Amino acid sequence: MSELRFMTAGESHGPCLTAILEGLPAGLKLSEENINRDLARRQQGYGRGGRMKIETDKVEVVSGVRFGETLGGPITLRVVNKDHGNWGGRMAPFGEPEGEKVTAARPGHADLTGVAKYAREDVRDILERSSARETTMRVAVGAICKEFLGALGMEVVSQVLNIGGEAVDESTVDRSKLGQANGSELNCYDQAAEERMKARIDEAKQEGDTLGGVFEVTVRGVPVGLGSHIQWDRRLDARLAGAMMSIQAIKGVEIGAGFRCADLPGSLIHDEVFLDKSGMPCRKTNRAGGLEGGMSNGEEIVIKAAMKPIPTLMQPLQSVDIESHKAVMACKERSDTCAVSAASVVGEAMAAIVLAQAVCEKFGSDALVDVKAALAAYNQRLRKAWVG
Ligand code: EPS
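What comes next concerns the included structure.

Quick notes on the rules
- Residues numbered from 1 in each chain as written.
- Predicted model: local features only at pLDDT ≥ 70, side-chain atom pairs only at ≥ 80, totals over all residues.
- Heavy atoms only, no water.
- Helix = DSSP H or I, 4+ residues; strand = E, 2+ residues; numbered from the N terminus.
- Rg over C-alpha atoms; globule rule 2.2 N^0.38 Å.
- Buried < 20%, exposed > 50% of the residue type's maximum accessible area, 1.4 Å probe, protein only.
- Core = buried A, V, L, I, M, F, W, Y, C linked by side-chain atoms within 4.5 Å.
- Contact = heavy atoms within 4.5 Å.
- Polar contact = N/O pair within 3.5 Å; in protein donor to acceptor, adjacent residues only side chain to side chain.
- Pairing = 2+ DSSP bridges.
- Axes fitted to C-alpha atoms, helices over the stretch in contact; angles between N-to-C directions.
- Parallel < 35°, antiparallel > 145°, perpendicular 65-115°, else oblique.
- Left-handed = near helix turned anticlockwise from the far one by under 90°.
- Nonpolar A, V, L, I, M, F, W, Y, C, P; charged D, E, K, R; others polar.
- Arc of directions from axis to C-beta.
- Disulfide = S-S within 2.5 Å.
- Expected span 1.5 Å × (residues − 1).

Here the focus is the overall build of the protein chain. Along the backbone of the protein chain there are 10 helices and 17 strands. Against the 2.2 N^0.38 benchmark of 21 Å for 388 residues, the protein chain shows a C-alpha radius of gyration of 22 Å, consistent with a compact globule. The C-alpha extent of the protein chain, read off along each of the three principal axes, is 75 × 50 × 40 Å. Within the protein chain, buried positions represent 47% of all 388 residues.

The structure is reproduced here in structure tokens:
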């Protein structure tokens, strides 16, 4: 298995968020601007709440990089929570507790199960870590992995397909434009659908409600044969699905035709194989979503993820108080009406991390120059086998 791994730390209103990424090769050029660009993309989106007006997430790289190049050692990243300054001593690591306890658990959040499992008496002890603010660090780590994949000719892009039932007409989307800035406030490539989505978000906000949706992540330029059919935990489709499912509020993942595979016969699902002009195998359809037998087949990898509506409702749902054990309405924390476009940026990051892991497994991870040479030699072998 790959040595590439990462871990995040930090509470939503603690002093800062941190990540350590280990296992990327040395010699990869990095720029803070590219990491910060993705951090800013994650913060944007129609329907985001007040917190995003306070924060301007900027990365600090405090290890593993020298003069803009990776050294091969653990890369430590930090993003300061500006809001921490407004919280006085309420998130202090030591000293007497300050501030009111949160005791009314929100249905749909980690609150109720978290206080039971960790024996806490303040829901804040749970919600601070379960908050999707943690995804800031996944995006920073993912931005670095994207640079690595980019150096090998791969690209990770995304689009929002559905918000609260307002869906994109996928037949009108020019897929070659995915990843290009188009002025959309929802990372959406169907303008008419975006207008409907925004109206739906306005309506939900008015009603004190929240909305989920669907986003899609596409990875282009993927070499044939990442992942493996050999063992369950080496299957790339399983690893990508798990990575998507690990994003807060994700309730469903599809690869390629996904659940549609259940309705259609094999003749309408499997992608027929042809020879391209140069004599290499190719496919004219991609219902497999670029993955067959747990391995990349060289087509675009296409993953969809469904996000549930955020559980913090301004018109709260019925719940229970963990202290008085009385029926109460759930607590109201400042929150977002909809964060599906933010989640699409997190989806890109998770896909990039898993792909970077799989690349390192197959082509090595000490020096970028050696990884590039191993990939080139492999592609040459495949071409030679077919074309001579
Ligand atoms: C988020 C920061 C949070 C929320 C949101 C995501 O900030 P705060 O709690 O200070 O408003 O806006 O988190 C949730 C909705 C949640 O349920 O955890 C972020 O940085 O993305």
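All right, on to the nonpolar core then. Grouped together as the largest cluster of nonpolar side chains are 81 residues, with contacts concentrated most on Phe148 and Leu355. It is helix H9 (residues 340–363) that contributes the most residues to this core, 17 residues altogether. Setting aside anything within four residues of it in sequence, one finds Leu355 in contact with Leu149, Met154, Val219, Val222, Leu226, Leu236, Leu240 and Ile301. Membership of the second largest hydrophobic core comes to 7 residues, among which are Val102, Ala104, Val115 and Leu127.

One can find Glu128 in helix H4 (residues 124–130). With a relative accessible area of 3%, Glu128 lands in the buried category. Side chain to side chain, Glu128 and Arg124 meet in a polar contact 2.6 Å long. Once residues within four sequence positions are removed from consideration, Glu128 is found in contact with Glu11, Ser12, His13, Gly14, Trp87 and Met91.

Moving on to the sheet that holds strand S7 (residues 155–163). With respect to topology, 5 strands assemble into an open sheet ordered S8-S7-S9-S15-S10, the strand pairing being antiparallel. What marks the edges here is a single partner per strand, and that holds for strand S8 (166–167) and strand S10 (250–255). In terms of strand pairing, S7 meets strand S9 (residues 213–220) through 8 bridges, oriented antiparallel. Opposite Val156, over in S9, you have Val219 as the bridge partner. Across the face of the sheet, helix H6 (residues 191–206) comes into contact with S7 and S8 while running at roughly 60° to S7.

This part takes up the pairing of S9. With 7 of its 8 residues buried, S9 lies for the most part within the structure. Bridge analysis of S9 against strand S15 (residues 301–307) gives 7 bridges, and the strand direction is antiparallel. Bridge pairing in S15 links Phe215 to Ala305.

On to the packing of helix H5 (residues 135–151) against H9, then. The contact between H5 and H9 brings their axes to 7 Å, and the two run at 50°. One way to sum up the angle between H5 and H9 is to call them oblique. Of the two possible hands of crossing, H5 and H9 adopt the one that is left-handed. Contacts from Thr135, Arg138, Val139, Val141, Gly142, Cys145, Lys146, Phe148 and Leu149 in H5 reach Val345, Val346, Glu348, Ala349, Met350, Ala352, Ile353, Leu355, Ala356, Val359 and Cys360 in H9. The class makeup of the residues in the contact of H5 with H9 is 15 nonpolar, 2 polar and 3 charged.

Next up on the list: the pairing of S7. For S7, the tally of buried residues reaches 8 of 9 residues, placing the bulk of the element in the interior. Of the pairings in the sheet, the one linking S7 to S8 comprises 2 bridges and is antiparallel in character. Paired with Asn162 across the bridge in S8 is Ala167. Linking two consecutive strands that pair antiparallel, namely S7 and S8, is a turn of 2 residues; a positive phi of about 55° is found at Gly164 within it.

This part is about helix H7 (residues 236–245). One full turn of an α-helix is made of 3.6 residues, so residues set three or four places apart face in the same direction. By the burial criterion, the buried members of H7 are Leu236, Arg239, Leu240, Ala243 and Met244. Taken end-on, H7 shows its buried residues confined to a sector of 135°, consistent with a single buried face. For H7, the secondary structure elements touched by its buried residues are S9, S10, strand S13 (291–292), strand S14 (295–296), S15 and H9.

This structure, assessed with the given rule, holds 0 disulfides. Free cysteine: Cys360, not disulfide-bonded; nearest cysteine sulfur from Cys145 at 8.1 Å.

Quick look at helix H10 (residues 368–387) now. Taking 1.5 Å of rise per residue, 20 residues should cover 28 Å, and H10 covers 28 Å from first to last C-alpha, within 8% of that figure. Among the residues of H10, Leu368, Val371, Leu375 and Tyr378 are the ones counted as buried. Here the buried residues of H10 occupy an arc of 95° about the axis, which is enough to place them on one side. Exposed and oriented more than 90 degrees from the buried face of H10 are Val369, Gln380, Arg381 and Lys384. Where H10 is buried, its residues meet H5 and H9. Remark: Gly388 follows H10 within two positions and exhibits a positive phi of approximately 90°.

Secondary-structure assignment places Gln44 in the loop between helix H1 (32–43) and helix H2 (51–54). When the C-alpha positions of Gln44 and Asn187 are compared, they lie 9.5 Å apart, and in sequence the two are 143 residues distant.

Turning our attention to unusual backbone geometry. Peptide bonds are trans in most cases, and residues, glycine excluded, mostly fall at negative phi. The residue Phe67 is not glycine, and still its phi comes out positive at about 50°. For Phe67, the position within the fold is in the loop between strand S4 (65–66) and strand S5 (69–70). In this structure Phe67 comes out as exposed when scored by relative accessible area, which is 75%. With phi around 60°, His325 is a residue other than glycine that occupies positive phi space. Here His325 is to be found in the loop between strand S16 (318–320) and strand S17 (327–329). Look at His325 and you get exposed, because its relative accessible area is 65%.

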